[in-house]
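Overview (structure and organization)
In case you want the letters, here they are:
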Amino acid sequence: MPDTIFSKIIRGEIPSHKVYEDAHVFAFLDIGPLSRGHTLVIPKQAVARLDELSDESAAAIGRVLPRLCRAVLKATGATNYNVLQNNGALAHQAVMHVHFHIIPRFEDGSGLGIKWGAGKLDPAAGKTLAEMIASSL
Ligand code: AMP
């Protein structure tokens, strides 16, 4: 996979405001924050999408993500937040290296704006679809 700006950040070739690092994970402040404390959590493994991530990297992120959320909340005083993870340009991914956004949401409206176009799940179609997904695992 071609190098992205996030691989350069992990290697220290591009500066960042680092908040956490271990053998598999790196976290730093987003340069274009949606709100104060907007933090990015990335695996050191350089893959573009979550479905490409190794179990080892995924486990390492899962282990530390709640702790990073708690730290962002404590530091900013926020009590509400979103965790966002985009995959593919159509899904708003701009940097093709897996990343989780931790985005505090404040009373002033700063944070993640969400357009949630909920539909209605048909029970029969839902049964078939759930079986298809389950058998694809
Ligand atoms: P996404 O749309 O999910 O791919 O988000 C990419 C995020 O990376 C955006 O929120 C950018 O502001 C952020 N970003 C891009 N370059 C940098 C950088 N050099 N340092 C910190 N954050 C960055």
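Note: the structure precedes this text.
Being a predicted model, the structure only gives us computed values, none of them experimental.

**Quick word on a nonpolar patch on the surface**
On the surface, Leu129, Met132 and Ile133 cluster together into a nonpolar patch covering about 300 Å² of accessible area. Examined against the element boundaries, Met132 turns out to sit in helix 3 (residues 123-136).

**A short note on the pairing of strand 5 (residues 100-105)**
Burial analysis of strand 5 places 5 of its 6 residues in the buried class, the great majority of the element. Note that strand 3 (residues 39-43) and strand 5 share 3 bridges and pair antiparallel. Among the inter-strand pairings, Thr39 is bridged to a residue of strand 5, identified as Ile102.

**Notes on the nonpolar core**
Ranked by size, the top nonpolar core spans 16 residues in total, and within it Tyr20, Val25, Val41, Leu68, Phe100 and Ile102 carry the most contacts. The set of elements that each furnish at least two residues to this core consists of strand 2 (25-29), helix 2 (55-76) and strand 5. By residue number, the principal contributor to this core is helix 2, which donates 7 residues. Beyond its immediate chain neighbours, meaning those up to four positions away, Phe100 contacts Thr39, Leu40, Val41, Leu50, Ile61, Leu65, Val83, Leu84 and Gln85. Ranked by size, the runner-up nonpolar core spans 7 residues in total, among them Ile9, Phe28, Leu40 and Ile42.

**Some words on the packing of aromatic side chains**
Applying the stated criterion to the full structure yields 2 aromatic pairs. Relative to Phe28, the ring of Phe6 lies with its centre 5.4 Å away and its plane at 80°, an arrangement referred to as edge-to-face. Of this pair, Phe6 sits in helix 1 (residues 5-10) while Phe28 sits in strand 2, and the two are 22 residues apart along the sequence. Ring geometry for Phe26 versus Phe28: centroids 5.9 Å apart, planes at 55°, classification tilted.

**Topic: the sheet that holds strand 1 (residues 18-21)**
Across the sheet, which stays open at both edges, the 5 strands sit in the order 1-2-3-5-4 with antiparallel pairing between neighbours. Every interior strand has two partners, whereas the edge strands, strand 1 and strand 4 (80-84), have only one. Neighbour-to-neighbour, the strand axes of this sheet turn through a mean angle of 15°, independent of strand direction. Across the sheet, helix 2 touches strand 1, strand 2, strand 3, strand 4 and strand 5, and the angle it forms with strand 5 is around 20°.

**Focus: the site of the ligand**
If you check the shell around the ligand, you find 16 residues, and the closest are Asp30, His92, Ala94, His99 and His101. The contact in question runs from an oxygen atom of the ligand to an N or O atom on the side chain of Asn86, over 2.9 Å. His99 has a polar side-chain atom sitting 2.7 Å from an oxygen atom of the ligand. Protein burial of the ligand: of its 510 Å² of free accessible surface, 83% is covered by the chains. With 3 residues, the top contributor of residues to the shell around the ligand is helix 1. A breakdown of the residues in the shell around the ligand according to their chemical character gives 9 nonpolar, 6 polar and 1 charged.

**Some points on the side chain of Ser7**
Within the secondary structure, Ser7 is located in helix 1. Apart from the residues within four sequence positions on either side, Ser7 is in contact with Ala46 and His97.

**Focus: the environment of Ser7**
Its relative accessible area of 7% is what places Ser7 among the buried residues. Ser7 sits 40 residues away from Val47 along the chain, and the two C-alpha atoms are 9.9 Å apart.

Analysis parameters
- Residues numbered from 1 in each chain as written.
- Predicted model: local features only at pLDDT ≥ 70, side-chain atom pairs only at ≥ 80, totals over all residues.
- Heavy atoms only, no water.
- Patch = residues over 30% accessible without salt bridge, like charges linked within 9 Å, V, L, I, M, F, W, Y side chains within 5 Å.
- Areas by Shrake-Rupley, 256 points an atom, 1.4 Å probe, with all protein chains shown as cover.
- Salt bridge = Lys/Arg side-chain N within 4 Å of Asp/Glu carboxyl O.
- Helix = DSSP H or I, 4+ residues; strand = E, 2+ residues; numbered from the N terminus.
- Buried < 20%, exposed > 50% of the residue type's maximum accessible area, 1.4 Å probe, protein only.
- Pairing = 2+ DSSP bridges.
- Core = buried A, V, L, I, M, F, W, Y, C linked by side-chain atoms within 4.5 Å.
- Contact = heavy atoms within 4.5 Å.
- Phe/Tyr/Trp six-rings, centres within 6.5 Å; stacked < 30°, edge-to-face > 60°.
- Axes fitted to C-alpha atoms, helices over the stretch in contact; angles between N-to-C directions.
- Near = heavy atom within 4 Å.
- Polar contact = N/O pair within 3.5 Å; in protein donor to acceptor, adjacent residues only side chain to side chain.
- Nonpolar A, V, L, I, M, F, W, Y, C, P; charged D, E, K, R; others polar.

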